[in-house]
Amino acid sequence: MAVIADFVSDWQVAIALGLVGLLMLLFVLELYPPEVPAAGVAALFVALGYVDGKEMLGVFSNSAPLTVAAMFVLSGALVRTGVLEAVSDAVIARSASHPRRALVLMVLVTLLASAFVNNTPVVLVLIPVVIRLAGALGVASTRLLIPLSYVAILGGTCTLIGTSTNLVVDGVAQEQGLEAFSIFEITPVGLVVAATGMAYLLLAGRFFLPSRPDSDPEDLMGESVYITEVAVLDNGLVGKPLGQVPALNRTGMKVTGLKRRGETRRTGLAEEVLEAGDRLIVTATTSELLTLHEETGLQVGLRRGDRYEGEVARVEVVVAPQKAHAGRSLREMSLGRRYGVRVLGAHRHGHIAGPDLGSVQLRAADKLLLEGPPEAFSTLEEEAQLVSVSRPVGRAFRRGRAPLSLIALAGVVGFAAFGLADIATLSMIAVAAMLILRCIDADEAWGALDGAILVLIFAMLIIGIGLQNTGAVEAIVGLVSPVLATMPPVIALALVYLLSSVLTELVTNNAVAVLLTPIAIGLAASLGVDARAMVIIVMFGASASFATPIGYQTNTLVYGAGNYRFADFLKVGVPMNIVAGLATVLAVWVLYL
């Protein structure tokens with residue numbers, strides 16, 4: 001009977017490892033999004049009986065993915081309330097007179113923000129800031145965008161909540177019996193690695209980073225840039241120089257003209273004292289335009305009509321190719337009078353659509369941002385040769401609630417640091433507060449969740465349990481331990497880091513984290529070293545994705561924004577992986593072994 005049991009056990013190990021090998025192959029081939037094969041293989045583990053129903057359902061009570069989801073929402077609230085935009089405004093303000101100081105400030109802001117906020121929105125907001133800084137410094141943005149991504153990755157390793165990978169590893173480690181990591185427990189190692197990585201970028205970046213013409217800045221902002229007109233009403237803004245009105249001096253907008261008593265002025269606008277009835281010609285991103293529309297004392301768009309009664313919709317519409325209004329301006333088309341909508345702005349890809357909003361002559365594929373009652377848009381779509389009616393990507397910022405979102409994030413960090421409650425509980429309370437206080441709307445909060453990452457994490461947790469139940473983890477540890485046992489502990493740390501880092505470049509980092517954490521804990525036990533040291537090695541190794549543009553989301557963002565080639569990341573990223581790996585291993589060796 002013992003022989004049969006061993007035979008069955010060996011087959012279970014072989015099948016489990018075979019399924020994981022198949023999963024890795026599917027990850028590399030990218031035939032499907034990574035969450036799809038992960039969910040499929042997890043289902044096979046359940047179907048084969050390697051994970052029972054109770055264990056499968058228990059995965060959904062794991063605190064790690066719940067915390068990851070909550071941090072996505074908190075990051076969305078920081079974007080919605082304009083906190084990240086305010087930071088970028090401060091950097092841009094300094095760039096005009098002190099561009100090099102602004103660059104240093106940008107690096108520090110990126111590092112600090114990424115330590116506490118999901119670094120994807122941080123990088124997304126800072127991409128146009130970096131491009132402007134590059135212009136101020138007289139260098140190509142390709143010299144700065146890769147470092148932006150790398151600094152964000154390094155910042156994410158400085159705290160437990162800085163990246164979803166850290167939270168996932170902590171969750172798996174707790175299931176293996178380890179005590180939960182505190183929010184700043186990995187910070188000493190993170191600071192060493194961050195300092196080493198930035199020193200490498202400073203010294204070697206000039207040799208490895210490419211210098212190429214920039215992409216279209218409009219595409220890099222993630223939103224369309226519209227031309228609009230803004231009427232100044234008779235209130236507190238009258239009598240102020242235009243350059244001293246904060247609402248008209250944001251990063252995502254530019255005042256290009258002032259219309260007063262039939263005359264249009266284009267120069268010296270910052271010193272112009274506003275008068276009642278002035279009309280400003282402005283270019284702005286969707287979010288900034290909608291924010292401007294909600295400012296008291298300003299009226300955005302062409303139509304000066306009454307406020308709408310009942311529900312009001314704001315939509316983006318695209319001009320159809322078969323338009324019947326060639327040669328007619330928006331003012332002559334009278335969309336407001338004919339359809340009861342207000343034209344808030346006009347967008348044309350690649351350049352500004354006209355000298356002012358009323359003079360824009362629509363072309364095929366132009367976009368209009370419109371406001372009006374919902375029933376008006378069906379008529380508009382049918383009769384005005386406007387198609388693809390959709391909600392705008394951007395929304396108005398809620399800058400007045402920015403302090404509330406900062407207090408919520410500070411509360412999560414502060415209470416967790418003093419051990420007053422666990423991070424999952426605190427982050428869920430903070431999300432509830434953000435929703436109740438309207439720092440972010442419910443639909444935006446759920447939209448901020450990255451469902452693909454959450455499905456991937458849950459699926460990989462199920463696979464991890466299956467590997468434990470079948471004895472696959474024990475088999476791997478038993479196979480590797482005799483080899484590592486003859487080596488110094490620092491070499492064992494380096495090999496685990498190398499494995500984590502290489503796999504992360506090929507497949508998603510959260511999948512690597514779930515698979516390797518139990519193996520690393522088993523190796524630590526067999527080698528007689530601190531298991532927490534091995535777990536930290538996996539955290540950093542799984543986050544060290546510098547060598548390819550597909551290994552980490554922020555790399556993918558700058559890859560598309562900066563006109564890079566795949567080889568650019570290999571040239572600067574492979575040495576970066578080595579430098580960060582050596583710094584991590586040495587720091588963990590000194591601090592934990």
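How each quantity is defined
Residues numbered from 1 in each chain as written. Predicted model: local features only at pLDDT ≥ 70, side-chain atom pairs only at ≥ 80, totals over all residues. Heavy atoms only, no water. Helix = DSSP H or I, 4+ residues; strand = E, 2+ residues; numbered from the N terminus. Buried < 20%, exposed > 50% of the residue type's maximum accessible area, 1.4 Å probe, protein only. Contact = heavy atoms within 4.5 Å. Areas by Shrake-Rupley, 256 points an atom, 1.4 Å probe, with all protein chains shown as cover. Salt bridge = Lys/Arg side-chain N within 4 Å of Asp/Glu carboxyl O. Axes fitted to C-alpha atoms, helices over the stretch in contact; angles between N-to-C directions. Parallel < 35°, antiparallel > 145°, perpendicular 65-115°, else oblique. Nonpolar A, V, L, I, M, F, W, Y, C, P; charged D, E, K, R; others polar. Expected span 1.5 Å × (residues − 1). Bend = angle between axes of the 7 residues up to and from the residue. Patch = residues over 30% accessible without salt bridge, like charges linked within 9 Å, V, L, I, M, F, W, Y side chains within 5 Å. Phe/Tyr/Trp six-rings, centres within 6.5 Å; stacked < 30°, edge-to-face > 60°. Lys NZ or Arg CZ within 6 Å of the ring centre and 35° of its normal.

## So, the overall build of the protein chain
Broken down by element type, the protein chain carries 25 helices and 9 strands. Expressed as a percentage of the 593 residues in the protein chain, the buried residues total 54%. For the protein chain, the share of sequence-separated contacts (at least 6 apart) that also reach a separation of at least 24 residues comes to 81%. Carbon and sulfur atoms provide 63% of the accessible area of the protein chain, an area that totals close to 25,000 Å².

## Some thoughts on the pattern of salt bridges
For the structure on display, the rule yields 20 salt bridges. Residues aspartate 278 and arginine 260 are paired through a salt bridge, measuring 2.7 Å at the closest nitrogen-oxygen approach. Taken together, the positions of aspartate 278 in the loop between strand E3 (263-265) and strand E4 (279-285) and arginine 260 in strand E2 (residues 253-260) put the pair 18 residues apart, joining distant regions of the chain. This pair shows no difference in class: aspartate 278 is buried, exactly as arginine 260 is. Put simply, glutamate 371 and arginine 342 hold a salt bridge, and the shortest N to O gap is 3.8 Å. Placement of the pair is glutamate 371 in strand E8 (residues 367-372) and arginine 342 in strand E7 (residues 342-347), with a sequence separation of 29 residues. Residues glutamate 371 and arginine 342 agree in their burial class; the two are buried.

## Side note on unusual backbone geometry
In this structure, arginine 261 is a non-glycine residue whose phi angle is positive, near 50 degrees. With respect to the element layout, arginine 261 can be found in the loop between E2 and E3. Here arginine 261 falls in the exposed class, since its relative accessible area comes to 68%. In this structure, arginine 438 is a non-glycine residue whose phi angle is positive, near 60 degrees. Mapped onto the secondary structure, arginine 438 falls in the loop between helix H17 (423-436) and helix H18 (442-448).

## Observations concerning the packing of helix H6 (residues 99-116) against helix H7 (residues 119-137)
Relative orientation of the contacting elements H6 and H7 amounts to 170 degrees, with a least axis distance of 10 Å. Classed by the angle they form, the pair H6 and H7 counts as roughly antiparallel. Each of Pro99, Arg100, Ala102, Leu103, Met106, Thr110, Ala113 and Ser114 in H6 lies in contact with H7, whose residues at this interface are Asn119, Val122, Leu126, Val130, Leu133, Ala136 and Leu137. Of the residues belonging to the contact of H6 with H7, the class tally is 11 nonpolar, 3 polar and 1 charged.

## Notes on helix H25 (residues 566-592)
Helix length check: H25 (27 residues) gives 37 Å between terminal C-alpha atoms against 39 Å at 1.5 Å per residue, within 8%. Remark: the principal bend of H25, roughly 35 degrees, maps to glycine 573, with a proline, proline 575, within the next four residues.

## Some details on the environment of methionine 71
Structurally, methionine 71 can be placed in helix H4 (residues 63-80). Residues methionine 71 and leucine 409, spaced 338 residues apart in sequence, show a C-alpha to C-alpha distance of 9.2 Å. The residues touching methionine 71, leaving out its near neighbours within four places in the chain, are Phe116, Ile161, Leu167, Leu409 and Ser427.

## Focus: a nonpolar patch on the surface
Side chains of Tyr559, Phe566, Leu570, Val574, Ile578, Leu582, Leu586, Trp589, Val590, Leu591 and Leu593 sit close together on the surface and give an oily, nonpolar patch of about 1,000 Å² of accessible area. Sort the elements by how many residues they give to the nonpolar patch and H25 lands first, with 9 residues. Mapped onto the elements of the fold, leucine 582 is located in helix H25. By relative accessible area, leucine 582 is classed as exposed at 53%.

## Observations regarding the packing of aromatic side chains
Counted under the stated rule, the structure contains 5 aromatic pairs. Summarising the aromatic geometry, the rings of phenylalanine 45 and tyrosine 50 are spaced 5.9 Å apart at their centres and angled 70 degrees between planes, so their arrangement reads as edge-to-face. Looking at phenylalanine 45, the relative accessible area reads 0%, which means it is buried. Measuring from ring centre to ring centre gives 6.3 Å for phenylalanine 116 and phenylalanine 184, while their planes differ by 80 degrees; the resulting arrangement is edge-to-face. With a gap of 68 residues between them, phenylalanine 116 in helix H6 and phenylalanine 184 in the loop between helix H9 (164-175) and helix H10 (187-208) connect regions that are remote in the sequence. It is arginine 532 that lies over the ring of phenylalanine 181; its NZ or CZ is 4.1 Å from the centre.

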